[in-house]
Amino acid sequence: MLLQAENIVKTFPKKNSGLFKKESLIAVNHVSLEIKADTTIGLVGESGSGKSTLGEVLGDLQKPSSGVIYYKGRDIRQLKGADYQAFRRNVQFIFQNPQGSMNPYYKIKQVLLEPLKALSEHYDEAEALVKVEQMMEDVGLDASYLDRYPSELSGGQSQRVAIGRALLLNPEIIICDECVSALDVSVQAQILNLLKRMQKLYHTSYLFISHDIATVKYMSDEVIVMFRGDVVEHGTTAEVLDDPKNDYTKKLLKYVRLKNGE
Ligand SMILES: Nc1ncnc2c1ncn2[C@@H]1O[C@H](COP(=O)(O)OP(=O)(O)OP(=O)(O)O)[C@@H](O)[C@H]1O
């Protein structure tokens, strides 16, 4: 077991709630899940159902209001120094807008070297550069892009850099939050296949957050369905998407089929 979430609750203060009685919005409601090695879990649900919040809590970008995240059996709040750094290195993110997560004043070479510098156990510039060049090849980009700035890359090229940057640390888990949603359909397919190829090569687990059921079906071994902060269904991809038990999942799938004219 790599990552385990136990009874996670995340609330936000509601805007415009009363002056004296503060109300809160429950974004994630008592959610538990486990991410095993070399597995992809798809996380689906309509907009606002709590998918991104849950992903960010799992990767410690946000603190839960209550509940515990365990990394290899240890509460992440108890991890210190090198142990916390190992967690940070091993749980990476790829977001919807890759350029937004890159320093616009850094060339791609620096963008890729930065996390290696910050999180490697023993950093060696020459070794790091060899890794970076190999990774460029792995993600299908010519090494000449290393001297470009993020703004000089297309959306698909930037997402390849973001995938390479996440993989350079050889993480155990990557939380992919709508990581192909902003791309053209043909580029989406290339990036999804790249993620699959990289999973075979590096044995990384993915938490694949998406509102696109077809993409989740293509990518995932397991599927979790969220509705208004609750996990309403969780099972293998075939169980959840081919034979859903929950009424909300059934509605969601019916809506997707109607939209696709099936
Ligand atoms: N920082 C915040 N402050 C207040 N409310 C927030 C904050 N972040 C998220 N929320 C609220 O929490 C709920 C869950 O949001 P979240 O972004 O996790 O949903 P989502 O399923 O990822 O949606 P989408 O697919 O649109 O990204 C929403 O009602 C959202 O408005």
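Our subject is the structure that appears above.
Residues numbered from 1 in each chain as written. Predicted model: local features only at pLDDT ≥ 70, side-chain atom pairs only at ≥ 80, totals over all residues. Heavy atoms only, no water.

## Thoughts on the site of the ligand
Around the ligand lies a shell formed by Phe12, Leu25, Ala27, Glu46, Ser47, Gly48, Ser49, Gly50, Lys51, Ser52 and Thr53. Ser49 places a main-chain nitrogen or oxygen 3.0 Å from an oxygen atom of the ligand. Contact distances for the ligand include 2.9 Å between an oxygen atom and a side-chain N or O atom of Lys51. When the ligand sits alone it has 630 Å² of accessible area, and the protein chains cover 59% of it. Those elements that provide at least two residues to the shell around the ligand are strand E2 (24–35) and helix H1 (51–58). The element contributing the most residues to the shell around the ligand is H1, with three residues. Of the residues contributing to the shell around the ligand, the split by class is three nonpolar, six polar and two charged. (Near = heavy atom within 4 Å. Polar contact = N/O pair within 3.5 Å; in protein donor to acceptor, adjacent residues only side chain to side chain. Areas by Shrake-Rupley, 256 points an atom, 1.4 Å probe, with all protein chains shown as cover. Helix = DSSP H or I, 4+ residues; strand = E, 2+ residues; numbered from the N terminus. Nonpolar A, V, L, I, M, F, W, Y, C, P; charged D, E, K, R; others polar.)

## Some thoughts on the packing of helix H3 (residues 108–119) against helix H5 (residues 155–168)
At a minimum axis separation of 8 Å, H3 and H5 run at an interaxial angle of 25 degrees. Compared by their axis directions, H3 and H5 come out roughly parallel. Of the two possible hands of crossing, H3 and H5 adopt the one that is right-handed. On the side of H3, the interface is formed by Ile108, Val111, Leu112, Pro115 and Leu116, while H5 contributes Val161, Gly164, Arg165 and Leu168. Taken together, the residues of the contact of H3 with H5 sort by class into seven nonpolar, one polar and one charged. (Axes fitted to C-alpha atoms, helices over the stretch in contact; angles between N-to-C directions. Parallel < 35°, antiparallel > 145°, perpendicular 65-115°, else oblique. Left-handed = near helix turned anticlockwise from the far one by under 90°. Contact = heavy atoms within 4.5 Å.)

## Some points on the sheet that holds strand E8 (residues 205–209)
Taken in spatial order, the six strands of this open sheet run E6-E7-E8-E3-E9-E10, and their pairing is mixed. Single-partner strands in this sheet number two, and they are strand E6 (91–94) and strand E10 (230–236). The average undirected angle you get between the axes of adjacent strands in this sheet is 15 degrees. Bridge analysis of strand E3 (residues 40–44) against strand E9 (residues 222–227) gives four bridges, and the strand direction is parallel. Paired with Val44 across the two strands is Val225, which belongs to E9. (Pairing = 2+ DSSP bridges.)

## Examining the state of the cysteines
By definition, a disulfide links two cysteine residues through a covalent bond between their sulfur atoms. Counted by the stated rule, this structure contains zero disulfides. The structure places no disulfide on Cys176, whose sulfur is separated from the nearest cysteine sulfur, that of Cys179, by 4.4 Å. Judged by relative accessible area, which is 0%, Cys176 ranks as buried. Relative accessible area serves as the criterion here: at 1%, Cys179 is assigned to the buried category. (Disulfide = S-S within 2.5 Å. Buried < 20%, exposed > 50% of the residue type's maximum accessible area, 1.4 Å probe, protein only.)

## Structural notes on the packing of H3 against helix H4 (residues 125–138)
At their nearest, the axes of H3 and H4 sit 10 Å apart, and the two run at 125 degrees to each other. Considered as vectors, H3 and H4 are oriented oblique to each other. Judged by the twist between their axes, the crossing of H3 over H4 is right-handed. Only Glu125, Ala128, Leu129, Val132 and Met136 of H4 make contact with H3, whose side of the interface consists of Lys109, Leu112, Leu113, Leu116 and Lys117. Classifying every residue of the contact of H3 with H4 gives seven nonpolar, no polar and three charged.

## Brief notes about the pairing of strand E7 (residues 173–177)
Of all five residues that make up E7, five are buried, and the element is covered over most of its length. By the alternation rule, side chains of E7 split into Ile173, Ile175 and Asp177 and Ile174 and Cys176, which are all buried. Inspection of the sheet shows E6 paired to E7 by four bridges, in the parallel sense. Within the sheet, the bridge partner assigned to Gln92 lies in E7 and is Ile174. For E7 and E8, the ladder comprises five bridges, and the chain directions are parallel. Pairing of Cys176 across the sheet is with Phe208, part of E8. For the handedness criterion, the β-α-β arrangement of E7, helix H6 (residues 185–202) and E8 is classed as right-handed. (Right-handed = clockwise from strand over helix to strand, strands pointing away.)

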